[in-house]
Amino acid sequence: MAGPATVEQYLAGLPAPERRALDRLRATIRSVEPEATETISYQIPTFKLHGRLLVSFAAFRDHCSLFPANDRVREACGDALTPYLSGKGTLRFTVEQPIPTALVKKIVRTRARETLELERARRARGR
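Rules behind the numbers
- Residues numbered from 1 in each chain as written.
- Predicted model: local features only at pLDDT ≥ 70, side-chain atom pairs only at ≥ 80, totals over all residues.
- Heavy atoms only, no water.
- Pairing = 2+ DSSP bridges.
- Helix = DSSP H or I, 4+ residues; strand = E, 2+ residues; numbered from the N terminus.
- Contact = heavy atoms within 4.5 Å.
- Axes fitted to C-alpha atoms, helices over the stretch in contact; angles between N-to-C directions.
- Buried < 20%, exposed > 50% of the residue type's maximum accessible area, 1.4 Å probe, protein only.
- Polar contact = N/O pair within 3.5 Å; in protein donor to acceptor, adjacent residues only side chain to side chain.
- Parallel < 35°, antiparallel > 145°, perpendicular 65-115°, else oblique.
- Left-handed = near helix turned anticlockwise from the far one by under 90°.
- Nonpolar A, V, L, I, M, F, W, Y, C, P; charged D, E, K, R; others polar.
- Expected span 1.5 Å × (residues − 1).
- Arc of directions from axis to C-beta.

**Comments concerning the sheet that holds strand β3 (residues 52-59)**
Turning to step 1, where the next piece is worked out: On the basis of which strands lie adjacent, the open sheet formed by 6 strands has the order β1-β2-β3-β4-β6-β5 and antiparallel pairing. Only two strands of the sheet have a single partner each, and these edge strands are β1 (37-41) and β5 (85-86).
Turning to step 2, where the next piece is worked out: Summarising the sheet, β1 and strand β2 (residues 44-49) pair through 5 bridges and their orientation is antiparallel. Bridging from a neighbouring strand, T39 pairs with T46 of β2.
Turning to step 3, where the next piece is worked out: Contacts between helix α2 (residues 16-32) and the sheet are confined to β1, β2, β3, β4 (64-67) and β6 (90-93), with β3 contributing the most and set at about 160 degrees to the helix.
Turning to step 4, where the next piece is worked out: Contacting β2, β3, β4 and β6, helix α4 (residues 101-124) runs over the sheet at an angle of about 145 degrees to β3.

What follows is the structure in structure tokens.
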């Protein structure tokens, strides 16, 4: 079975509470990085910046997730991530207890800086 082709299709397939939670998350991400493009990658909504992964998000049976929580994000956000960390690069949250907007903004800003640094390094190498 084929997955969703667009973020709108992905969100339309969710129950209303999860859809509303991910719509808010999506709006927050967009407010921080309006130049990011949206796509579906690995069958989940993904924001890309300069062709590189910025963040992805998804809904599951009993939680929602925001990806990635890489080393740079963990370093920048510190203990604020602890309640949400699940595994090496996943942040889990529920509809009832979403990740605070200020923390989401910090995560996206951190990933955007990292993505831009990677793009500048790629350009410096002449690729």
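**Description of the pairing of β4**
Turning to step 1, where the next piece is worked out: Here β4 shows no split at all, with C64 and L66 on one side and S65 and F67 on the other all buried.
Turning to step 2, where the next piece is worked out: Pairing of β3 with β4, which is carried by 4 bridges, proceeds in the antiparallel orientation. When the bridges of β4 are listed, A58 appears paired with S65.
Turning to step 3, where the next piece is worked out: Taking the residues that link successive antiparallel strands as the turn, the β3-β4 hairpin has 4 residues.
Turning to step 4, where the next piece is worked out: Pairing of β4 with β6 involves 3 bridges; the strand directions are antiparallel. Note on β6: the bridge partner recorded for L66 is L91.

**Details of the side chain of R111**
Turning to step 1, where the next piece is worked out: When you line up the elements, R111 lands in helix α4.
Turning to step 2, where the next piece is worked out: Relative accessible area serves as the criterion here: at 6%, R111 is assigned to the buried category.
Turning to step 3, where the next piece is worked out: Of the polar contacts made by the side chain of R111, one reaches the side chain of E114; its length is 2.5 Å.
Turning to step 4, where the next piece is worked out: If near-sequence neighbours (up to four positions away) are discounted, R111 is found in contact with L53, L54, V55, P68, N70 and V73.

**Let's talk about the packing of α2 against α4**
If you want to describe how two helices pack, look at the angle between their axes and the distance between the axes.
Turning to step 1, where the next piece is worked out: Running from amino to carboxyl end, α2 crosses α4 at an angle of 50 degrees, the nearest separation of the two axes being 9 Å. The orientation of α2 with respect to α4, classified from their angle, is oblique. As for how α2 packs across α4, the hand of that crossing is right-handed. Of the residues in α4, those in contact with L25, T28, I29, S31 and V32 of α2 are T101, V104, K105, V108 and R109.
Turning to step 2, where the next piece is worked out: Of the residues assigned to the contact of α2 with α4, the class counts are 5 nonpolar, 3 polar and 2 charged.

**Quick word on α4**
Turning to step 1, where the next piece is worked out: The end-to-end C-alpha distance of α4 is 34 Å, a good match for the 34 Å that 24 residues give at a rise of 1.5 Å each.
Turning to step 2, where the next piece is worked out: Those residues of α4 that sit buried are L103, V104, I107, V108, T110, R111, A112, E114, T115 and E119.
Turning to step 3, where the next piece is worked out: Against α2, β2, β3, β4, α3 (71-77) and β6 lie the buried residues of α4.
Turning to step 4, where the next piece is worked out: Trailing α4 by a residue or two, G126 shows a phi angle of about 85 degrees, which is positive.

**A word on α2**
Turning to step 1, where the next piece is worked out: Between its terminal C-alpha atoms α2 stretches 24 Å, which fits the 24 Å expected from 17 residues at 1.5 Å a residue.
Turning to step 2, where the next piece is worked out: Looking only at α2, the buried set comprises E18, A21, L22, L25, R26, T28, I29 and V32. Along the axis of α2, the buried positions cluster into a sector of 160 degrees, meaning they face one direction only.

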